[in-house]
Amino acid sequence: MPTRADWTIDQGWEKYTPAEHAVWKTLFERQSRLLPGRACDEFVDGMNKLPIGPDQIPDFRRLSEVLMQKTGWQVVAVPGLVPDEVFFDHLANRRFPSGQFIRKPHELDYLEEPDVFHDVFGHVPMLMNPVIADYIQAYGRGGLRAQKLGVLDKLARVYWYTVEFGLVQQKDGVRIYGAGIASSRTESVFALEDDSPNRIGFDLERVMRTRYRIDDFQESYFVIDGLQQLLELAHIDFAPLYERIAGQPEYEPGTVLPTDRVVSRGTGRYHLEARNSAKAST
Ligand code: HBI
Ligand code: FE
């Protein structure tokens, strides 16, 4: 399918149908209602400065113009998930690969591969922030190194619990900065307001050792003190950390440790019920 070595395709913006723009509008409007008071200030600010609105799927060329001015990033179109090393190479060069397609009307709440709504609505506003811009580039560079060291699973957890599912402490409370949460109707409420998940102060080694869920809400979210904490992460050499945690036990997604700085301890109710009903049906 991919004809170019870097897996990019043309967005073909003119070819989106009215039905596809309508799916975007549905998703955009319901998410825009949920995010005030939930998304962090930097997300809201980035969104306001970008040509992203309810009526049409954004044109990547116009997004890239604004991003390039502000943080030197571009948005490029890809057909869906791309191989890890292709993904990292784009990020290391400040190109954000965004799914070109949009989900179908019957899969508004869950899909397996990142589409244009997840990627553009969830990730692109954060790329207007200089700290996130550098952090994601550092992840791309680190990904290529981690792959060579055979520790990509450890690094991927850091990305998962920050860029995708991160929470941040702001002056008025805990807020969303992770794109997986910001682009999800149900998880944007669950992550902040449900009593089920744990919310734990971010600790790098701890997170590297923590497995995650890809097919349901997270059991634990990690809270950073401010986005500048990611700036420190971008400058740390991870190699000694990989060595230190090699062979040490890994943590299940819902584990709370005595050493954790717990922001709020979850009841675990949601995932317990999910496991019980799975058992009952077999
Ligand atoms: N491809 N398009 C796309 N988007 C992703 O977020 C992505 C990917 N390929 C690999 C990948 N993510 C991750 O598994 C790595 O971050 C480890
Ligand atoms: Fe994502």
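Heads up: these notes are all about the structure in this document.

## Overview of the sheet that holds strand 7 (residues 262–264)
At step 1: Reading across from one edge, 4-3-6-5-7 is the order of the 5 strands in this open sheet, with mixed pairing throughout. This sheet does not close on itself; its edge strands, each paired only once, are strand 4 (173–176) and strand 7. Taking the axes of each pair of neighbouring strands and ignoring which way they run, one obtains an average angle of 35 degrees across the sheet.
At step 2: Alignment of strand 3 (residues 167–170) against strand 6 (residues 220–224), held across 2 bridges, turns out to be parallel.

## Regarding the coordination of the iron ion (ligand 2)
At step 1: Looking at the iron ion (ligand 2), one finds its protein donor set to be His 118 (NE2), His 123 (NE2), Glu 164 (OE) and Glu 164 (OE), positioned 2.0 to 2.7 Å from the metal centre.
At step 2: Between the 4 donor atoms coordinating the iron ion (ligand 2), the angles at the centre fall across 53 to 142 degrees, so the site counts as irregular.

## Considering the environment of Val 262
At step 1: Structurally, Val 262 can be placed in strand 7.
At step 2: The spatial distance from the C-alpha of Val 262 to the C-alpha of Trp 7 is 41 Å, given a sequence separation of 255 residues.
At step 3: When near neighbours in sequence (up to four residues on either side) are disregarded, Val 262 contacts Arg 199 and Val 256.

## Re the nonpolar core
At step 1: Counting residues in hydrophobic clusters, the biggest one holds 80 residues, and the most contacted among them are Trp 24, Phe 43, Tyr 177 and Leu 230.
At step 2: Sorting elements by how many residues they give to this core places helix 7 (residues 152–164) first, with 8 residues.
At step 3: Those residues in contact with Leu 230 that sit more than four places away from it in its chain are Val 131, Ile 132, Tyr 135, Thr 162, Tyr 177 and Ile 224.

The rules behind these values
Each chain has its residues counted from 1, following the order in which its sequence is written. Each chain is given a letter, starting from A, and each ligand a number, starting from 1, according to the order in which they appear as written. At least 70 in pLDDT is required for a residue's local features to be given in this predicted model, at least 80 for side-chain atom pairs to be given and counted, and no such filter applies to totals for whole chains, interfaces and linings, which use all residues. In computing side-chain values, all of the structure's heavy atoms are included and hydrogens and water are not. Strands pair, by our definition, only if DSSP identifies at least two bridges between them. A helix here means a DSSP run of H or I that spans at least four residues, while a strand means a run of E at least two residues long, and both kinds are numbered starting from the N terminus. Inter-axis angles, ranging from 0 to 180 degrees, are taken between N-to-C directions of lines fitted to C-alpha atoms, where helices are fitted over the stretch in contact. Water is not part of the atom set, so a site may look incomplete; the donors themselves are N, O and S atoms within 2.8 Å of the metal, or 3.2 Å for Na, K and Ca. Geometry is assigned from donor-metal-donor angles: four donors are tetrahedral when every angle falls between 85 and 135 degrees, four are square planar and six octahedral when opposite donors sit over 155 degrees apart with all other angles between 65 and 115, and any other arrangement is irregular. The criterion used for residue contact is that any of the two residues' heavy atoms lie within 4.5 Å. Joining through side-chain atoms within 4.5 Å is the link that ties buried Ala, Val, Leu, Ile, Met, Phe, Trp, Tyr and Cys residues into a set, and such a set is a nonpolar core. Whether a residue is buried, partly exposed or exposed follows from its accessible area with a 1.4 Å probe, protein chains only, as a fraction of its type maximum: under 20%, in between, or over 50%, in that order.

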